[in-house]
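Survey of secondary and tertiary structure
Given next are the chains, with one letter for each unit.
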Amino acid sequence: MRRTWPVMFPALLLLLCGHCGHLSTPCPTARPAAVQRHPAAHVPDDAATIAAIDEVGATLRACVTPGEYLVSREGKREMVEAELRSVNTALYKTLPEHWTNLSGLGGCTCKGERPGEHHDVCVLIHVRSGLIGPVELARTMASAVESLGASEATLRVQVRQIVPPGPRCVGGDPACGPQPYHAHCAEQLGYRPGLQRTPIHRPGSLIGVGLNACSHDGECARAGCGNQCVTTREPTGVGTCEYNHSLEKALCGCIDGRCTWFAVGP
């Protein structure tokens, strides 16, 4: 054994980590130029918006967290759970169709997060920035409480606007290439500009076909815990975190105007 071990050990290491061989290829020293990230969503607080919200007996307050706001209708009593769930359903139906949009019941955090602070019950809404504003939500709140016969009840709706991350790098930058699933850089998987790209088709996706648009590789990125290739024009989301062997040599980039996992070559 002593004579054969030095020969067997490298072979065993290669067998156990055969898929790691590409990691020995050096990555380019050039890095993509930095790009400015999208700013946080703006809370509409112009005079016309405030006046329209006031007309339905509500108020608007910007939260400490950038892009979040609270729409409140103060009353003589707190809403019971059944009433809150009815309002939540009405508000959810108002949200435009988009995979990031959701609503539910929880504690308001717009007042801050100090130890021991009391949190009122809120309808909590997550919505893609730019799809709906506080005026339409306030009007839906007013209509919902009126239909319930609960106009005298307090209702609070906290809205978190979800902003797309924006491109990883600028199109035209020579260093702005696709992202590898399992490598330090695309070059370690044999990627070179101009080589053929063969899409790796996978069932299911975190976002719809019409929402994965791109114009260059920098508008595509890994998401969903790394197993999804999605556009940076839309907010990213959650996903499964298992290691996917079918994507071991895959790259995330833009093919025919859509973010797609692909392999280099035919």
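Relevant structure appears above.
Below is a short write-up of the structure. (Residues numbered from 1 in each chain as written. Predicted model: local features only at pLDDT ≥ 70, side-chain atom pairs only at ≥ 80, totals over all residues. Heavy atoms only, no water.)

Things to note about the side chain of Ser103
What counts, and what does not: Starting at the N terminus, helices and strands are each numbered in turn, a helix being any DSSP run of H or I of at least four residues and a strand any DSSP run of E of at least two. Residue exposure (1.4 Å probe, protein chains only): buried if accessible area is under 20% of the type maximum, exposed if over 50%, otherwise partly exposed. Each polar contact in these results corresponds to two N or O atoms within 3.5 Å; when the atoms are within protein, one needs to be able to donate a hydrogen and the other to accept it, and residues that are neighboring in sequence are counted only if both atoms are side-chain atoms. Throughout, a contact is declared for two residues whenever any of their heavy atoms are within 4.5 Å.
Mapped onto the fold, Ser103 is located in strand β4 (residues 102–107). On the basis of relative accessible area, Ser103 is assigned to the buried category, the value being 19%. At a separation of 2.9 Å, a polar atom in the side chain of Ser103 contacts the side chain of Asn88. Every residue in contact with Ser103, bar those within four places of it in the chain, is listed here: Asn88, Tyr92, Leu124 and Ile125.

Considerations on the sheet that holds strand β8 (residues 197–199)
Here is the rule we go by: Any two strands with at least two DSSP bridges between them are considered paired.
With respect to topology, four strands assemble into an open sheet ordered β7-β11-β12-β8, the strand pairing being antiparallel. Of all strands in the sheet, those with a lone pairing partner are β7 (179–180) and β8, marking the two edges. Here five bridges tie strand β11 (residues 251–255) to strand β12 (residues 258–264), and the two strands are oriented antiparallel to one another. Considered in β12, the bridge of Leu251 is made with Phe262.

Regarding the nonpolar core
Under the convention used in this document: Only buried Ala, Val, Leu, Ile, Met, Phe, Trp, Tyr and Cys residues count toward a nonpolar core, and they belong to the same one when joined by side-chain atoms within 4.5 Å.
One finds Met79, Leu91, Ile125, Leu137, Leu155 and Val157 to be the most contacted residues of the largest nonpolar core, which totals 29 residues. Listed by contribution, the elements that provide at least two residues to this core are α2 (47–55), β2 (68–73), α3 (81–94), β5 (121–128), α4 (134–148) and β6 (153–162). Of all the elements, α4 adds the most residues to this core, at seven residues. For Leu137, the residues in contact, after removing those within four places along its chain, are Tyr69, Leu91, Leu95, Ile125, Ile132 and Val159. Counting residues in hydrophobic clusters, the runner-up holds 10 residues, among them Cys220, Leu247, Cys254 and Trp261.

With respect to α3
Test applied: In this scheme, a helix's expected span is set at 1.5 Å multiplied by one less than its residue total. Taking the helix axis as origin, the arc is that swept by the directions to the C-beta atoms.
Relative to the 20 Å expected for 14 residues at 1.5 Å per residue, α3 spans 20 Å between its end C-alpha atoms, a close match to the ideal helical length. By the burial criterion, the buried members of α3 are Glu83, Leu84, Val87, Asn88 and Leu91. End-on, the buried residues of α3 take up no more than an arc of 135°, which puts them together on one face. Relative to its buried face, α3 has exposed residues pointing more than 90 degrees away, namely Ala82 and Lys93.

Details of the pattern of salt bridges
Applicable threshold: When a carboxyl oxygen of Asp or Glu lies within 4 Å of a side-chain nitrogen of Lys or Arg, that pair is called a salt bridge.
If you walk through the whole model with that rule in mind, you get eight salt bridges. Among the ionic pairs, Asp120 bridges to Arg156, the shortest N-O distance being 3.6 Å. With a gap of 36 residues between them, Asp120 in the loop between β4 and β5 and Arg156 in strand β6 connect regions that are remote in the sequence. Taken individually, Asp120 and Arg156 each receive the classification buried, so the pair is uniform in this respect.

Section: the state of the cysteines
The line we're drawing: Throughout, disulfides are identified as pairs of cysteine sulfur atoms within 2.5 Å of each other.
According to the stated counting rule, one finds eight disulfides in the structure shown. With a sulfur-sulfur separation of 2.2 Å, Cys27 is cross-linked through a disulfide to Cys185. Taking the sign of the S-S torsion, about -95° here, the bridge from Cys27 to Cys185 comes out left-handed. With a gap of 158 residues between them, Cys27 in the loop between α1 (5–16) and α2 and Cys185 in the loop between β7 and β8 connect regions that are remote in the sequence. A relative accessible area of 25% places Cys27 in the partly exposed class. Across the disulfide, Cys229 is cross-linked to Cys252 (sulfur-sulfur distance 2.1 Å).

Observations regarding the packing of aromatic side chains
Under the convention used in this document: Under the pairing criterion, centres of Phe, Tyr and Trp rings, with the six-membered ring standing for Trp, must be within 6.5 Å; the plane angle then separates stacked pairs below 30 degrees from edge-to-face pairs above 60, leaving the rest tilted.
Applying the stated criterion across every chain, the model contains two aromatic pairs. With 5.6 Å between their ring centres and 50° between their planes, Tyr181 and Tyr243 make a pair best called tilted. Taken together, the positions of Tyr181 in the loop between β7 and β8 and Tyr243 in the loop between β10 (228–231) and β11 put the pair 62 residues apart, joining distant regions of the chain. With relative accessibility at 13%, the residue Tyr181 sits in the buried group. Geometrically, the ring pair formed by Tyr181 and Trp261 is edge-to-face, given 5.6 Å between the ring centres and 85° between the ring planes. One end of the pair, Tyr181, is in the loop between β7 and β8; the other, Trp261, is in strand β12, with 80 residues separating them in the sequence. For the pair Tyr181 and Trp261, a shared accessibility class is recorded, and that class is buried. Grouped by ring-pair contacts, the aromatic residues Tyr181, Tyr243 and Trp261 constitute a single cluster.

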